[in-house]
Each structure stands twice: as C-alpha cells, then as structure tokens.
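These are the residues of each chain, in order.
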Amino acid sequence: LLLLLAAAWGPRSSGALRSPQRRWPVPYRRFDYRPKTDPYCQARYTFCPTGSAIPVMKEEDVIEVYRLQAPVWEFKYGDLLGHLKIMHDAVGFKSTLTGKNYTMEWYELFQLGNCTFPHLRPGMDAPFWCNQGAACFFEGIDDAHWKENGTLVLVTTISGTMFNEMAKWVKYDNDTGIYYETWTVQASPDKKSTVWFDSYECSKFILRTYQKLADLGAVFKKIQTNYTSIILFSGEPIYLGNETSIFGPLGNKTLAAAIRDFYYPFKPHRTVREFFVDLLKIVDRVILNHQFYLFYNLEYWFLPMKFPYLKIIYEEVPLPLGNKTSFGV
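Going by an unreviewed UniProt entry, the chain carries the name Bis(monoacylglycero)phosphate synthase CLN5 and comes from Nyctiprogne leucopyga. UniProt, in the comment section headed Sequence similarities (unreviewed entry), describes the chain in these words: "Belongs to the CLN5 family."

Here's what the structure looks like:
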C-alpha cells in the first residue's frame, strides 16, 4: 500500500531522445501466445487456486450476470483499502437451469507489486519483470466476500448461447493479452486531458466482458458503476527503447544505469529505516526532479512528471448499451 501511495517517482533522461509522432494512448500490445513463467517469479498467494474450465451452457439456459466488486485484499485487510477506493472487480454468473454459480476475474499471477516494479537480479543488466496477468474462472460465488464491504448486484440476463460465445472470446482475450499494466498515464486531472497510456488490469477486463456481452445483445440495467484507476500525471512521454536496445551489448549504458537506479528504491524493504531512506529518494526523483521510467508493452518510456504526480480515482464508467438483436434476446 505504501508503495502504491508513494510510487509516482524517478532519474533524468539525457534529453537527446525525442518521441516521434505517436498515437495516444499507446495501444496495448497483444501477443500470439502466452510464454511460460520463470520459476524465479513467486507469489505469496497462489493464482486462481480453485480455477476450472468454463462450462458449455445449454442454449435454452437463462443466465444471470452479476457485478462483483470488493476492496483489494479484502480477505486479509477487510475494508481498509476500500476507504481509499482501491477496489477489485469481477463478474458472476448463475445458471437458472442448474442453479450453479460461477465467478470470473482477471488479476496478477504474482501480486500487484511484481507487476508494478521489477526485480534487480545480480548478474543481470536488465530489470527482471514478473508481470503477467490472466483470467481466472471457478465455480461458486463467495457472497460474504463481495457483499460485506463491496458489491454484488444483478446487471443483466443472457442466454446460454451468449454465454458460450463470451467464453470463446475470453479464451482469445486471455491468450493474447498477457501483461498486467498498473498505471494509467495522462496529461492532467482534467477528464478531457490526453491519455498517454491506459492501464490493463482487473477492471478493464470486466469492462471488456460487459462490452462483449452488449455486442452479443445483452441489455444492462441502468445502475451506477464505478471503477478504480491509479493515474500518473506527465508531460508528453519520451520513448527510450526496449530491453535489447537499452541493456544489450550495443545498448546505452548511461540510460541503462539510470533506469536501474530509478527502480532500486522500489525493492522490498527489510527494515523501517530502509523504507524511509528509499522513500526520500523516490520523492526526490519524482516530485522534485519530475522523473519516472515506465515499462509498457515490453518497452521503456521516460515520463516528465507533473503535479499532482499521482492520484487514485474511483470514477463512474456506465454499463454499455446492448443492441437487443443477437441470440434470441
């Protein structure tokens, strides 16, 4: 939590690099397949421990769709992060034919810290990232988890055919969108300001799922739906390169050292004193010197940071409009 609240902070670019004309926000990169995870990457809590395959529903089934939201790490800290509006999102399904409930969500394989900051491993020049994210599907809905400090509310009803089509899309989305991106980066707090980078995390998966259901013909209820975003504020980003061009044999050693030096204070801390010493370094770089290095699409960018540097918002994103034409709805 302290890292999240402090993490708007980083060393100076040489100024010699200039961004070519680019499309903003930078499109999230999709891949042909999901690579195997490195054994070095370890999670305190197992990813999707009771996960199962998505079942094939009967065409005539009527399936209720629920919006699920609870504070991040609610199972451990209760409503603590809920007070800061740091929320996790999921979607629930209930088959009226079988009476079975299901939960579907998307989150980090190795927890949020590993997706947000890399490891600086001895003997390796480049920062090492454990930043994959993936969909998790399992039978059951933990009513107490979602209701006690969050939300469990019916948002639409779909047919079994629509559910099966959604399941095909989930497989594609999960196989091609493999990296978690914590930060949204934009020019200012103004809602109409330029977005340089968009995050790719749990809430974005739920929004994509809702949109897919709407495209299939789902008609959503008119209720307010809010989602959490962690935003960095920056001037126009400067493209720096990828791992090979920066850290490879012919790379930029000065820039490589600056990036490693930037990420060093974000390492796990063993003592309170160590944490506060590194926190002062972070403040100096990001707040006082307006510097941040962003890793996005396996590439590095320099962000010239601007006030207010970082903000956690809990903003309404309306449910999509369905076309009422597909699959017998």
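Don't stop here, the text continues.
Participant: Would you mind going over the sheet that holds strand β1 (residues 62-71) with me for this structure?
Facilitator: Consider a sheet: its strands pair through backbone hydrogen bonds, and that pairing is either parallel or antiparallel. One open sheet holds the five strands; their spatial order is β4-β3-β2-β1-β5, and the pairing between them is antiparallel. Lying at the two open borders of the sheet, with one neighbouring strand each, are β4 (133-139) and β5 (151-159). In this sheet, adjacent strand axes meet at a mean angle of 25° when their direction is disregarded. When β1 meets strand β2 (residues 87-95), the two strands line up antiparallel, connected through nine bridges. Residue pairing in the sheet places Tyr-66 in a bridge with Gly-92 of β2. The sheet strands contacting helix α5 (residues 160-176) are β1, β2, β3 (101-108), β4 and β5, and the helix crosses β5 at an angle near 110°. On top of the sheet, helix α6 (residues 202-216) reaches β1, β2, β3, β4 and β5; it is set at about 35° to β2, its chief contact.

Participant: Teacher, can you tell me more about unusual backbone geometry here?
Facilitator: The phi torsion of most residues other than glycine is negative, and most of the peptide bonds are trans. At the junction of Trp-24 and Pro-25, the peptide bond is cis and its omega measures out at -10° in the coordinates. Across the junction of Phe-307 and Pro-308, the peptide omega takes the value 5°, indicating a cis bond. A positive phi angle, near 45°, is found at Cys-48, a position not held by glycine. Of note, Cys-48 is situated in the loop between α1 (2-6) and β1. Since its relative accessible area comes to 16%, Cys-48 is described here as buried. Unusually for a residue other than glycine, His-290 sits at a positive phi of about 55°. Along the chain, His-290 falls in the loop between α9 (272-288) and β10 (291-296).

Participant: Quick question: what am I supposed to make of the packing of aromatic side chains here?
Facilitator: To describe a pair of aromatic rings, one takes the distance between the centres and the angle between the planes. Scanning the entire structure with this criterion turns up 34 aromatic pairs. Taking 6.0 Å as the distance between ring centres and 5° as the angle between the ring planes, the aromatic pair formed by Trp-73 and Tyr-77 counts as stacked. Here Tyr-77 falls in the partly exposed class, since its relative accessible area comes to 41%. Judged by centre distance (5.4 Å) and plane angle (65°), the ring pair of Tyr-210 and Phe-220 falls under edge-to-face.

Participant: So what exactly am I meant to see when it comes to the pattern of salt bridges here?
Facilitator: Close approach of charged atoms lets side chains of opposite charge pair. Under the criterion given, the structure shown has 10 salt bridges. Of the charged contacts, one joins Lys-171 and Asp-175 as a salt bridge, the two residues approaching to 2.8 Å between their closest N and O atoms. Placement of the pair is Lys-171 and Asp-175 together in helix α5, with a separation of four residues, close to one helical turn. When its relative accessible area of 56% is taken as the criterion, Lys-171 is described as exposed. With a shortest N-O distance of 2.9 Å, Arg-208 and Asp-173 are connected by a salt bridge. With Arg-208 in helix α6 and Asp-173 in helix α5, the pair connects residues that are 35 residues apart, well separated along the chain. For the pair formed by Arg-208 and Asp-173, the shared burial category is buried.

Participant: Please explain the pairing of strand β8 (residues 226-234) as it appears in this structure.
Facilitator: It is a general feature of regular strands that their side chains alternate between the two faces of the sheet. Among the nine residues that make up β8, nine are buried, leaving the element largely enclosed by the rest of the structure. The two faces of β8 match: Asn-226, Thr-228, Ile-230, Leu-232 and Ser-234 on one face and Tyr-227, Ser-229, Ile-231 and Phe-233 on the other face are all buried. Two elements, strand β6 (residues 184-186) and β8, share three bridges in a ladder whose sense is parallel. The residue of β8 that forms the bridge with Thr-184 is Ile-231.

Participant: What am I meant to see in the pairing of β10 here?
Facilitator: Burial of β10 is extensive: six of the six residues sit out of reach of the surface. Burial along β10 is two-sided: the face carrying Gln-291, Tyr-293 and Phe-295 and the face carrying Phe-292, Leu-294 and Tyr-296 are both buried. As paired elements, β10 and strand β11 (residues 299-316) share six bridges and run antiparallel to each other. Considered in β11, the bridge of Gln-291 is made with Pro-304. Once β10 ends, the chain turns through two residues before running back antiparallel as β11, passing Asn-297 with a positive phi of about 55°.

Participant: How should I be thinking about α9 in this particular structure?
Facilitator: The end-to-end C-alpha distance of α9, which contains 17 residues, comes to 23 Å, matching closely the 24 Å that a straight helix rising 1.5 Å per residue would cover. Those residues of α9 lying buried are Phe-275, Asp-278, Leu-279, Ile-282, Arg-285 and Val-286. The buried side chains of α9 occupy one side of the element, clustering within an arc of 135° when seen end-on. Residues of α9 that are exposed and point over 90 degrees away from its buried face: Arg-273, Leu-280 and Leu-288. In the stretch just after α9, His-290 is the one whose phi turns positive, near 55°.

Participant: Explain the side chain of Asn-226 here, please?
Facilitator: Tracing the backbone shows Asn-226 in strand β8. For Asn-226, a relative accessible area of 12% translates into the label buried. A polar atom in the side chain of Asn-226 sits 3.4 Å from the backbone oxygen of Tyr-314. Ignoring sequence-local partners within four residues, the contact set of Asn-226 consists of Arg-67, Gln-69, Asp-89, Tyr-314, Glu-315 and Glu-316.

What counts, and where the lines are drawn
Residues numbered from 1 in each chain as written. Predicted model: local features only at pLDDT ≥ 70, side-chain atom pairs only at ≥ 80, totals over all residues. Heavy atoms only, no water. UniProt positions renumbered as here; feature names shortened; annotations may be inferred. Pairing = 2+ DSSP bridges. Helix = DSSP H or I, 4+ residues; strand = E, 2+ residues; numbered from the N terminus. Axes fitted to C-alpha atoms, helices over the stretch in contact; angles between N-to-C directions. Contact = heavy atoms within 4.5 Å. Buried < 20%, exposed > 50% of the residue type's maximum accessible area, 1.4 Å probe, protein only. Phe/Tyr/Trp six-rings, centres within 6.5 Å; stacked < 30°, edge-to-face > 60°. Salt bridge = Lys/Arg side-chain N within 4 Å of Asp/Glu carboxyl O. Expected span 1.5 Å × (residues − 1). Arc of directions from axis to C-beta. Polar contact = N/O pair within 3.5 Å; in protein donor to acceptor, adjacent residues only side chain to side chain.

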